[in-house]
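Reading the structure
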Amino acid sequence: MLSPVADESALNAVKLSSVSTEKRAPLDRARVAGTALRLLNEVGLDGLTLRAIARELDVKAPALYWHFKDKQALLDEMATEMYRRMVAGTTLDPADTWRERLLKTQRGLRAALLGYRDGAKVFSGSRFTGIDHAREMEANLRVLTGAGLSLAQAVDAGRTAHAYTLGFVTEEQGVRPLPGERREGYDVEERARRMADFPLAAEAGKLLFDDYDRQFEEGLALVVAGIGARYGIS
């Protein structure tokens, strides 16, 4: 049997070998995007530079330009990878009502975005690099048109719900970058004291900056109810 010192040396050798093997792994779009998403949680979108990603991959920054012409191209791939992870292993129930489908998809989107620091900012405005989203999009549009909406109305309904979720999570992550974190300056009680001359606005802070689950669900219910009222579907 090896001595403890020998065991530790052997373990370190295995670790070094694993790191070395990882660093020698072929550099491709998926590996770069995965590394960028992992680094995103540490440094946020502002700190996510191609140089920082290259350093994490132990390559020179110009090597990344073989795969992404600029940072936006990388963000597009990151958003696509976020979407792939979001829908991996999920199934869509064809028996969903249009309301159930909108609620499920937007709840799933919010949960996915909250898993990344600045997740909503990365996802918002990015262009998917493949057609991974086409299957779910087709299924969602079929549910909405099956409920009596025209294709244009179905697109408007889906886009409105999607935009609500992105906007909500962007604001939510401005206060709570990741679950369990809270940015400095969002002390509700201190806010109320400073706004004491405006009692309704002061009291509103408890509703604006706490219990984001409740806030999201209420806002989503308003959006879905509005779609139903606008287009006359139940």
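Residues numbered from 1 in each chain as written. Predicted model: local features only at pLDDT ≥ 70, side-chain atom pairs only at ≥ 80, totals over all residues. Heavy atoms only, no water.

A few words on the packing of helix 2 (residues 29-47) against helix 4 (residues 71-87). Two quantities define a packed helix pair, namely the angle between the axes and the distance from one axis to the other. Between helix 2 and helix 4, the least distance of the axes is 9 Å, while the angle of their chain directions is 95°. Relative to helix 4, helix 2 is oriented roughly perpendicular. In this structure, helix 2 uses R29, V32, A33, G34, A36, L37, L40 and L45 to contact helix 4, whose residues at the interface are K71, L74, L75, E77, M78, E81, M82 and R85. Here the residues of the contact of helix 2 with helix 4 are counted per class, giving ten nonpolar, one polar and five charged. (Axes fitted to C-alpha atoms, helices over the stretch in contact; angles between N-to-C directions. Helix = DSSP H or I, 4+ residues; strand = E, 2+ residues; numbered from the N terminus. Parallel < 35°, antiparallel > 145°, perpendicular 65-115°, else oblique. Contact = heavy atoms within 4.5 Å. Nonpolar A, V, L, I, M, F, W, Y, C, P; charged D, E, K, R; others polar.)

Below, the discussion takes up the nonpolar core. Of all hydrophobic cores here, the largest spans 54 residues; its most connected members are L40, I53, L74, M78, W98, L113 and F123. Residue assignment for this core shows that the elements contributing at least two residues are helix 2, helix 3 (50-57), helix 4, helix 5 (98-113), helix 6 (119-123), helix 7 (134-146), helix 8 (151-175) and helix 11 (212-231). When near neighbours in sequence (up to four residues on either side) are disregarded, L40 contacts L45, L48, M78, Y116, R117 and V122. (Core = buried A, V, L, I, M, F, W, Y, C linked by side-chain atoms within 4.5 Å. Buried < 20%, exposed > 50% of the residue type's maximum accessible area, 1.4 Å probe, protein only.)

A separate point is helix 5. Taking 1.5 Å as the rise per residue, helix 5 with 16 residues should run 22 Å; its terminal C-alpha atoms sit 23 Å apart, in good agreement. Of all the positions in helix 5, only W98, R101, L102, Q106, L109, R110, A112 and L113 are classed as buried. Within helix 5, the buried residues cover an arc of 165° as seen down the axis, which keeps them to one side. (Expected span 1.5 Å × (residues − 1). Arc of directions from axis to C-beta.)

A word on the packing of aromatic side chains. In this structure the tally under the stated criterion is seven aromatic pairs. Seen in terms of ring centroids, Y164 and F168 are 5.9 Å apart; in terms of plane orientation they differ by 45°. Their pairing is tilted. Of this pair, Y164 and F168 both sit in helix 8, separated by four residues, roughly a single helical turn. The exposure class assigned to F168 is buried, which follows from its relative accessible area of 12%. With a centroid separation of 5.3 Å and an interplanar angle of 55°, the aromatic rings of Y186 and F209 are classed as tilted. Taken together, the residues Y186 in the loop between helix 8 and helix 9 (188-194) and F209 in the loop between helix 10 (199-208) and helix 11 connect sequence positions 23 residues apart. Given a relative accessible area of 27%, Y186 falls into the partly exposed group. (Phe/Tyr/Trp six-rings, centres within 6.5 Å; stacked < 30°, edge-to-face > 60°.)

Right, let's talk about the pattern of salt bridges for a bit. Enumeration according to the criterion identifies 20 salt bridges in this entry. Between R135 and E136 there is a salt bridge; the shortest N-O distance is 2.5 Å. Here E172 ties to R176 by a salt bridge, and the two come within 3.0 Å at their closest N and O atoms. Taking relative accessible area as the criterion, E172 reaches 0% and is therefore assigned buried. With a relative accessible area of 27%, R176 lands in the partly exposed category. Beyond isolated ion pairs, a larger network of salt bridges with shared partners links R29, E77, E81, R84, R85 and D132. (Salt bridge = Lys/Arg side-chain N within 4 Å of Asp/Glu carboxyl O.)

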